[in-house]
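Summary of structural features
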Amino acid sequence: MTFKRNSEARCNTKSDSPAINANKVQEKEKLSHEMKKNIKLKIKYKGKLISEINFKKEEIVKESSEQVKEFEKSKMLKCSISNEPVKENFGLNFYKGEKVEVRSDEEGFEGSWFTATIVDYLKNGKYLVEYLTLKTDDLCEQLKGEANVSDVRPYPPEINQVCQFKLHERVDVWYNDGWWEGRVSSVVHGSNGNLKYNVYFWTTNEELEFEHDNMRPHQEWVRGQWMLSSMD
């Protein structure tokens, strides 16, 4: 059996091949080179752009997950796209410098709240606070101390002062540089027309008299919201 070369078919195969455009090849190679040379990496956290990195092929770039971890560690979880300065968040509820109230559990001070500002969040899980109304023993500087997270709450909003507190109403009274929680036990009308109240403190089993201007309605911080206390 004799085999013949199919030169015609082979020629047709060559003629059917598309012509190679040298310019297009050069453009693709140039584009590929530029992409490898300069790459822009955008890192987003919960839909917000937190990092934008330009790097070259030979540079070592961390993965996106590592960038997010570093961002969370920096405690700047509340970033803004505006020009406002970013506050430093300690990963819980409060910012450095934020005005708060701190509860005292010391004997004789139960039920009292003192105004302070957040100084730092400590490794032991507590806040370092600076009290605005308390000073050191030598009266030279503001008192600082550690506070449990459970003993710190936001500074309560101001509400319209009531004309008169009701009998048995829960109130806060300004006493010994702090706010103390108590209950109105009686209403006293002064000779000059000023209202005064006897307030009972169940934590110390005391009853003291206070003027109306040194009292405020009692509010409770419950599940992230301020709520006026009931008469119960």
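Look up a bit, the structure's there.
All of the points below concern the structure found in this document. (Residues numbered from 1 in each chain as written. Predicted model: local features only at pLDDT ≥ 70, side-chain atom pairs only at ≥ 80, totals over all residues. Heavy atoms only, no water.)

1. Thoughts on the pattern of salt bridges
According to the stated counting rule, one finds 8 salt bridges in the structure shown. For Glu101, the salt bridge is made with Arg216, and the minimal N-O distance between the two is 3.2 Å. With a gap of 115 residues between them, Glu101 in strand 3 (residues 99–104) and Arg216 in strand 12 (residues 215–217) connect regions that are remote in the sequence. Glu101 gets classed as buried once you look at its relative accessible area, which sits at 0%. (Salt bridge = Lys/Arg side-chain N within 4 Å of Asp/Glu carboxyl O. Helix = DSSP H or I, 4+ residues; strand = E, 2+ residues; numbered from the N terminus. Buried < 20%, exposed > 50% of the residue type's maximum accessible area, 1.4 Å probe, protein only.)

2. Some words on the side chain of Thr117
With respect to the helices and strands, the residue Thr117 is situated in strand 4 (residues 112–121). If near-sequence neighbours (up to four positions away) are discounted, Thr117 is found in contact with Gly97, Glu98, Lys99, Leu128, Val129, Glu130 and Leu132. (Contact = heavy atoms within 4.5 Å.)

3. Re unusual backbone geometry
For Leu139, which is not a glycine, the phi torsion comes out positive at approximately 60°. Relative to the elements of secondary structure, Leu139 occurs in the loop between strand 5 (126–135) and strand 6 (142–148). On the basis of relative accessible area, Leu139 is assigned to the exposed category, the value being 62%. Backbone geometry at Asn205 places phi at a positive 60°, although glycine is not the residue there. The residue Asn205 is located in the loop between strand 10 (195–201) and strand 11 (206–211) in this model.

4. Focus: the nonpolar core
Phe94, Val100, Val102, Phe114, Ala116, Ile118, Tyr127, Val129, Tyr131, Leu134, Ala147 and Val152 form the largest nonpolar core, which has 12 residues in total. Elements supplying a minimum of two residues to this core: strand 3, strand 4 and strand 5. If you tally residues by element for this core, the top one is strand 5, at 4 residues. Within the second largest apolar cluster, 11 residues are counted, among which are Val173, Val184, Leu195 and Met215. (Core = buried A, V, L, I, M, F, W, Y, C linked by side-chain atoms within 4.5 Å.)

5. Side note on the environment of Lys196
Mapped onto the secondary structure, Lys196 falls in strand 10. In sequence terms Lys196 and Gln164 are 32 residues apart; their C-alpha atoms lie 9.5 Å from each other. In this structure, Lys196 is in contact with Ser186, Val187, Val188, Glu209, Phe210 and Glu211, ignoring residues within four places of it in sequence.

6. Concerning the packing of aromatic side chains
The final tally for this structure, using the stated rule, is 10 aromatic pairs. The interplanar angle of 90° and the centroid separation of 6.5 Å between the aromatic rings of Phe114 and Tyr131 together place this pair among those described as edge-to-face. In this pair, Phe114 is assigned in strand 4 and Tyr131 in strand 5, connecting sequence segments 17 residues apart. In terms of burial, Phe114 and Tyr131 fall into one category: buried. Aromatic pair Tyr175 and Phe210: ring centres 5.8 Å apart, planes at 85°, arrangement edge-to-face. (Phe/Tyr/Trp six-rings, centres within 6.5 Å; stacked < 30°, edge-to-face > 60°.)

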